[in-house]
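For reference, the chains in residue letters:
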Amino acid sequence: MTQLQSLSFRLTAAPTEKRQTFFAVLAAVSVFLPYYITSGVIAAGAVYVLCGSQRRARIVTMPYSKLAFAAAGGGLVISLGYANYTGALASVLILCALTDVFYLRSFMTRRLFDRMMDVVCTGGIFAGLIAVVQKIAGNASTRPCVVFDNPNYFATVMEIAALVAVYRLLANPRRRNFYFAAAVFSGFGVYLSGSLSAFAVCACGIVFYLVLRGHIKAGIMVAASAAAFALLSGWGLPQIASLLESLSSDPSGNGTAVQTVEKTSAEILTIRTEAEVGGSIANRFSIWRTALMAVPDHLLLGQGPNTYAMVYSRYLGFASSHAHNMILDVILNYGIIGGGVIFFFALQQFYTAARKVRERKSTTTNLLLIVLCLMMAMHGMTDVTLLWPQTGLLFLLVYSSSGIRTVPQARCLMLCAPDFAPNHEFKRNAQ
């Protein structure tokens, strides 16, 4: 009788496991597609989850999931109340993304997570190659964005992909060449994006992760390489490349082809001029002052996502879609009440990951999540790039690793495979 029950369980669970794998891999692939396709995948995934009673049961039993849904749902209601329809649409997409990731987290395994991260590494290589092509086809002021609509969104995806590639490089040395290429292409993509803050955050994050994993020498090498590249990239690399190419192409220095090569070399390696960097910093200070003036207007609950774009003209501020600071933007959008709920949820997730590291449970994936959270917090001091379908989904995919179970497989078998497991199993194994 027991053997028959076991056979019946395997036959029923197999199709479910395939659907779950497809769900996870499709979400990872969609990150590297145009944002409207990513948004469609997020919405379709949420509809799929909500159409099954057992799938719905999974998402509400995740730790603090109801708190996260309450904050996002409150943003939707408030946005509609202030006729902030862009913010309402963003709130709906946030609710869909949370639905997807909580469901994904409920059945996450190390094998499935690594498969998703391999997709991310592959996407990082292709995105880096496309960025090089876009830079070559453009000029010195061209900041490639590939399919991410904005160079800063592209930079965020690339810095996450670079960190993920390092994680996989340490976990699977047999494919070190592939993961090393993914790290290099992703890191170079961050450089080509022209986001200096993203480049600094990416380098610091990778160094910190290597040190935490015990690879101190590798961390020192990465830090030294990033520092040397940063020092040279402003002036040295374009000049050196132009000189070498001019000597090899026309030693006399009289041909027109040499001038073309020199121009192309400088344009490829020069990302932003000193004037452009200075202007960007001045614009951010203007945006922060405007956001600080607008916060008291709706201090408790805000006006929903996209609030800055609605109010900057009232204060004659610099035009932007957000406040270019994560803390300011959250408080401006959700007020101190909604913002407090969001920060509480984020700190709880960070604390849980840190506790698992301290207790030596799923150490490598939780270290990855901790370092990524620190990177996004650092980057969030100068920009708000996670409030976008592709960047937000990629971050949430890495967050889904927090659902990897550390109990023996026999104890969590009902949780990891079928959609029809009893609800009490989810509650008992929620952590």
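Calculation notes
Residues numbered from 1 in each chain as written. Predicted model: local features only at pLDDT ≥ 70, side-chain atom pairs only at ≥ 80, totals over all residues. Heavy atoms only, no water. Axes fitted to C-alpha atoms, helices over the stretch in contact; angles between N-to-C directions. Helix = DSSP H or I, 4+ residues; strand = E, 2+ residues; numbered from the N terminus. Parallel < 35°, antiparallel > 145°, perpendicular 65-115°, else oblique. Left-handed = near helix turned anticlockwise from the far one by under 90°. Contact = heavy atoms within 4.5 Å. Nonpolar A, V, L, I, M, F, W, Y, C, P; charged D, E, K, R; others polar. pLDDT = per-residue confidence, 0-100. 1 Å grid on protein atoms, 1.4 Å probe; cavity = no way out; pocket = protein on both sides within 12 Å on 5 of 7 lines; lining within 4 Å. Points joined across faces, edges and corners; volume = space filled by probe spheres on them. Expected span 1.5 Å × (residues − 1). Bend = angle between axes of the 7 residues up to and from the residue. Polar contact = N/O pair within 3.5 Å; in protein donor to acceptor, adjacent residues only side chain to side chain.

Trainee: What should I look at first to understand the packing of helix α4 (residues 65–81) against helix α5 (residues 85–106) in this one?
Mentor: Two quantities define a packed helix pair, namely the angle between the axes and the distance from one axis to the other. Two elements in contact, α4 and α5, have axes separated by 7 Å at closest approach and are oriented at 165 degrees. Considered as vectors, α4 and α5 are oriented roughly antiparallel to each other. The way α4 lies across α5 gives a crossing that is left-handed. Contacts between α4 and α5 involve Ser65, Ala68, Phe69, Ala72, Gly73, Gly75, Leu76, Ser79 and Leu80 from the first element and Tyr85, Gly87, Ala88, Ser91, Val92, Ile94, Leu95, Leu98, Thr99 and Phe102 from the second. Per-class residue counts for the contact of α4 with α5 are 12 nonpolar, 7 polar and no charged.

Trainee: Where do I start with the confidence of the model for the chain in this structure?
Mentor: Segments scoring low in pLDDT should not have their predicted coordinates read at a detailed level. Here the chain shows a mean pLDDT of 83. Residues at 70 or above account for 80%. Across the chain, the secondary-structure element scoring lowest on mean pLDDT is helix α18 (residues 413–416), at 36, and the one scoring highest is helix α17 (residues 389–399), at 97. Confidence drops under pLDDT 50 across residues 7–12; counting only partners more than four residues distant or on other chains, this segment forms 4 contacts. Under a pLDDT of 50 for its full length, residues 251–265 has, in the predicted model, 13 contacts with residues more than four places off or in other chains.

Trainee: Looking at this structure, how should I read the layout of surface pockets?
Mentor: Where empty space is left in the structure can be found by rolling a water-sized probe over the atoms. Considered as a void within the structure, the second largest pocket measures approximately 690 Å³ in volume. Every residue lining the second largest pocket is counted, 22 residues in all, and those nearest its centre are Ala183, Val184, Ile206, Val222 and Ser225. Going through the elements one at a time, α7 (151–171), α8 (176–192), α9 (196–212) and α10 (216–233) are the ones with two or more residues in the lining of the second largest pocket. It is α8 that contributes the most residues to the lining of the second largest pocket, 7 residues altogether. Along the lines of polarity and charge, the residues of the lining of the second largest pocket split into 19 nonpolar, 3 polar and no charged.

Trainee: Before we go on, may I ask you to explain helix α15 (residues 326–358) in this structure?
Mentor: Along an α-helix, residues three or four positions apart point the same way, because every turn accommodates 3.6 residues. Between its first and last C-alpha atoms α15 spans 28 Å; for 33 residues at 1.5 Å apiece the expected length is 48 Å, and the helix comes up short by more than 12%. Helix geometry: α15 is bent most strongly at glycine 335, by close to 120 degrees. Among the residues of α15, the N-terminal cap falls to asparagine 325, whose side-chain oxygen and the backbone nitrogen of isoleucine 327 are separated by 3.1 Å. Looking at the residues trailing α15, positive phi occurs at arginine 360, about 60 degrees.

Trainee: How should empty space enclosed by the protein be read in this particular structure?
Mentor: Under the defined criterion, the tally for this structure stands at 1 cavity of 30 Å³ or more. Approximately 40 Å³ is the volume found for the largest cavity. As for the largest cavity, its lining consists of Ala294, Val295, His298, Gly302, Gln303, Thr307, Ile331 and Leu332. The class makeup of the residues in the lining of the largest cavity is 4 nonpolar, 4 polar and no charged.

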